[in-house]
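# A look at the structure
Here are the chains, one letter per residue:
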Amino acid sequence: MQLEFGGRRYPVAAGDLVIGSGPDSTLVLAAPGVLPRHALVRSLGAGMAFVVPAAPGAEILVNGARLGGDPTPIMHGDKIGIGGHEVLVADPRNAGATQVISAARPADSTPTPPDSAGSAPAAAEPISVGRLVSLNDGREYALSAVPFVIGRDAAADVVVEGDDVSRRHAEILTLPDGDFLVDSSSNGTWLNGERLRGKQALQAGDILRVGPEELRYYAAERKTPPPSVGFRLGETVIGMPALRRPPPLQSSYLAPSEPPLASLLVRSGALKGERFAIRTPVANIGRADYNDVTLDDPSVSASHAKLQLRDGVWMLADLGSTNGTTVDAEPVTGESPLSPGASIGFGEVKLLFEPRDRGVKKRDGTVVVEVQLPSAPPPAPGPVIQATVLGGARRGAVAGARRPWRWILPAAALAVGAVLLAWYLLSR
């Protein structure tokens with residue numbers, strides 16, 4: 001594990017690596033707002049480390065998200081922001097030789113001409129950008145780079161480790177008509193469970209999968225521009241405002257007017273009685289604000305658990321929380337299926353799971369299994385008896401067995417004839 005800044009590499013070895021403006025800091029950042037001892041980085045081994053403020057009031061960003069006072073894990077590809085500078089976290093074992101690329105972009109050298117009144121143009125407001133939120137660990141990434149790169153390379157904006165992940169696996173392009181996802185890998189990029197073909201426009205709530213990493217896309221907030229000359233040209237001749245059709249709203253994964261996929265009812269703690277609606281098939285649960293369900297309780301970790309609807313069954317997974325996750329008082333290891341009415345525990349917070357559909361049925365001590373038995377086989381056909389009739393033709397005697405009167409009538413006629421003949425002879 002090492003930090004990269006200004007073309008230099010700073011190994012994160014045993015002990016604390018100090019970042020600050022003081023001369024005794026390992027990585028010196030001389031910038032306004034940087035304290036003499038601003039941040040501490042400590043190795044955890046196995047390609048992991050954590051960063052923590054070294055002094056009260058020290059502002060630290062990790063992948064654009066502001067940290068609190070707790071230690072925050074960092075890994076290969078993360079970016080630490082301090083005083084307007086960006087420090088790259090890299091592990092050479094995961095991406096081979098790492099090329100250090102400056103984040104600075106050339107500014108437009110063409111001066112902006114003044115307006116007709118001769119005054120300088122007003123400063124542009126900050127542009128809202130889209131963002132990605134990891135469904136594995138809850139990390140948030142602002143789509144501030146163009147193109148926004150996802151891949152195995154340490155210089156990528158989102159670094160994903162894996163043998164099936166390319167160095168520049170996928171890119172997100174921010175265009176005037178929205179954000180577009182482009183696949184540039186050999187093993188494929190998946191969007192909402194389907195392999196991406198070419199370029200695809202992103203919608204709010206889309207799920208991106210690159211190797212083992214799943215990311216949810218959140219669209220930028222589109223602000224209505226202030227009235228301008230072009231806007232005023234839309235007025236009618238008589239001075240009345242023209243009728244304008246409002247712009248279409250950005251569609252979410254599940255409209256707020258539709259019933260939620262599931263809900264969580266809090267049954268203990270300060271949030272008792274509050275109900276959280278689950279409107280996406282993958283929902284992150286934790287104490288941090290970037291989660292889909294935010295539980296403001298000290299026993300809940302920043303990224304505590306993940307709830308996912310897969311093949312019609314709700315699955316709950318613990319994300320390495322400090323106080324653990326339980327389902328019906330049983331600790332969750334790996335993934336656990338949820339049944340309607342299941343009791344879920346996140347730390348000391350207890351919740352009741354209420355899905356909209358049936359989910360997976362709860363198993364009791366006795367399981368009744370219905371098996372469709374095959375019907376009785378049809379009766380075997382009767383024996384076939386051959387008979388010889390006049391003319392030498394062979395026919396089956398089954399017909400004779402079915403119609404016995406054909407033999408009874410001739411026999412009766414012969415018997416009657418014999419009786420009459422005997423009576424005639426005796427009477428003489």
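All values derive from a computational prediction rather than experimental measurement.

### A look at the sheet that holds strand 12 (residues 131-134)
The antiparallel open sheet is built from six strands, whose spatial order is 13-12-22-21-18-19. The open sheet has two edge strands with one neighbour each: strand 13 (140-142) and strand 19 (194-195). Note: strand 21 (residues 207-210) against strand 22 (residues 213-218), four bridges, orientation antiparallel. For Arg209, the partnering residue across the bridge sits in strand 22 and is Glu214.

### Some words on the confidence of the model for the protein
Residues of the protein with pLDDT of at least 70 account for 69%, and the chain-wide mean is 74. Note that residues 95-126 has pLDDT below 50 and, in this model, 19 contacts with residues that lie over four places away or in other chains. Throughout residues 358-365 the model reports pLDDT below 50, and contacts reaching past four residues in sequence, or to other chains, amount to 11 contacts.

### As for the sheet that holds strand 27 (residues 305-310)
As summarised here, the arrangement of the five strands in space is 26-25-27-28-31, forming an open sheet in which the pairing is mixed. Looking at the sheet topology across the chains shown, the edges are occupied by strand 26 (293-294) and strand 31 (335-337). Across three bridges, strand 28 (residues 313-318) lies against strand 31 in antiparallel orientation. By the bridge assignment, Met315 is partnered in strand 31 with Pro337.

### Remarks on a nonpolar patch on the surface
On the surface, Leu421, Trp423, Tyr424 and Leu425 cluster together into a nonpolar patch covering about 500 Å² of accessible area. Positionally, Leu421 belongs in helix 4 (residues 405-427).

### Comments concerning the environment of Ile172
Among the structural elements, Ile172 can be located in strand 16 (residues 170-175). Exposure remark for Ile172: the relative accessible area of 0% places this residue in the buried category. In this structure the C-alpha to C-alpha distance between Ile172 and Val149, which are 23 residues apart in sequence, comes to 6.7 Å. Beyond its immediate stretch of four places on either side in the chain, Ile172 contacts Leu132, Leu143, Pro147, Phe148, Ile150, Asp179, Phe180, Leu181, Leu202 and Leu208.

### Some points on the packing of aromatic side chains
According to the stated counting rule, one finds one aromatic pair in the structure shown. Here the aromatic rings of Trp314 and Phe353 are separated by 6.0 Å at their centres, their planes lie at 70°, and the arrangement is edge-to-face. On the criterion of sequence distance, the pair formed by Trp314 in strand 28 and Phe353 in strand 33 (residues 349-355) is long-range, its members being 39 residues apart. When its relative accessible area of 0% is taken as the criterion, Phe353 is described as buried. The ring of Tyr218 carries Arg131 above its face, with NZ or CZ at 4.3 Å from the centroid. Stacked on the ring of Phe180, the Lys or Arg Lys199 has its end atom at 5.0 Å from the ring centre.

### Thoughts on the pairing of strand 27
The pairing of strand 25 (residues 282-286) with strand 27 spans four bridges and is antiparallel. Its bridge partner being in strand 27, Val282 is matched across the sheet by Gln308. Between strand 27 and the antiparallel strand that follows it, strand 28, lie two residues; Asp311 among them carries a positive phi value of about 55°.

### A short note on the side chain of Thr189
Here Thr189 shows up in the loop between strand 17 (178-183) and strand 18 (190-191). In this structure Thr189 comes out as buried when scored by relative accessible area, which is 0%. Separated by 2.7 Å, the side chains of Thr189 and Asp183 make a polar contact.

### Remarks on the nonpolar core
Leu295, Leu338, Phe346 and Phe353 are the most contacted members of the largest nonpolar core, which has 24 residues in total. Put simply, the parts of the chain that give this core at least two residues each are strand 23 (262-266), strand 24 (275-278), strand 25, strand 27, strand 28, strand 32 (343-346) and strand 33. In terms of nonpolar packing, the next biggest core, distinct from the first, is built from 22 residues, Val12, Ala31, Ala39 and Ile82 among them.

### With respect to unusual backbone geometry
At the junction of Val146 and Pro147, the peptide bond is cis and its omega measures out at -5° in the coordinates. For Asp328, which is not a glycine, the phi torsion comes out positive at approximately 55°. Assignment of secondary structure puts Asp328 in the loop between strand 29 (325-327) and strand 30 (330-331). Overall, Asp328 belongs to the partly exposed group, its relative accessible area being 34%. Located in the positive-phi region is Ala329, a residue other than glycine, with phi close to 70°. For Ala329, the position within the fold is in the loop between strand 29 and strand 30.

### Regarding the side chain of Glu4
With respect to the helices and strands, Glu4 occurs in strand 1 (residues 2-5). Engagement of the side chain of Glu4 in a polar contact is seen with the side chain of Gln2, the distance being 3.1 Å.

### Quick notes on the pairing of strand 25
Of all five residues making up strand 25, five are buried, and the element is well covered by its neighbours. Burial along strand 25 is two-sided: the face carrying Val282, Asn284 and Gly286 and the face carrying Ala283 and Ile285 are both buried. As paired elements, strand 25 and strand 26 share two bridges and run parallel to each other. Counterpart to Gly286 in the pairing with strand 26 is Thr294.

Conventions we followed
Each chain has its residues counted from 1, running along the sequence as written. It should be noted that, the model being predicted, local features are given only for residues of pLDDT at least 70 and side-chain atom pairs only at 80 or more, the latter also being counted only at that level, while totals for whole chains, interfaces and linings use all residues. Only hydrogens and water are set aside; all other atoms, that is, all heavy atoms of the structure, feed into the side-chain values. Paired strands are those between which DSSP finds at least two bridges. Each helix is a run of H or I in the DSSP string that is no shorter than four residues. Each strand is a run of E no shorter than two, and both are numbered from the N terminus. A score from 0 to 100, pLDDT tells how confident the predictor is in each residue. For this analysis, residues touch if any pair of their heavy atoms sits within 4.5 Å. Each patch is built from salt-bridge-free residues with over 30% relative accessible area, joining like charges within 9 Å and nonpolar side chains (Val, Leu, Ile, Met, Phe, Trp, Tyr) within 5 Å. To be clear on the numbers: accessible area is Shrake-Rupley with a 1.4 Å probe, and residue cover counts the displayed protein chains and nothing else. Any carboxyl oxygen of Asp or Glu within 4 Å of a side-chain nitrogen of Lys or Arg constitutes a salt bridge here. Whether a residue is buried, partly exposed or exposed follows from its accessible area with a 1.4 Å probe, protein chains only, as a fraction of its type maximum: under 20%, in between, or over 50%, in that order. In this scheme Phe, Tyr and Trp rings, the latter by its six-membered ring, pair at centre separations within 6.5 Å, and the angle between planes marks the pair as stacked below 30 degrees, edge-to-face above 60, and tilted otherwise. A ring is scored as having a charge over it whenever the NZ atom of a lysine or the CZ atom of an arginine sits within 6 Å of its centre and within 35 degrees of its normal. We define a polar contact as two N or O atoms separated by no more than 3.5 Å, with the added condition that, inside protein, one atom must be a possible hydrogen donor and the other a possible acceptor, whereas residues neighbouring each other in sequence contribute only through side-chain atom pairs. Residues enter a nonpolar core if they are buried and are Ala, Val, Leu, Ile, Met, Phe, Trp, Tyr or Cys, with the set joined through side-chain atoms within 4.5 Å.

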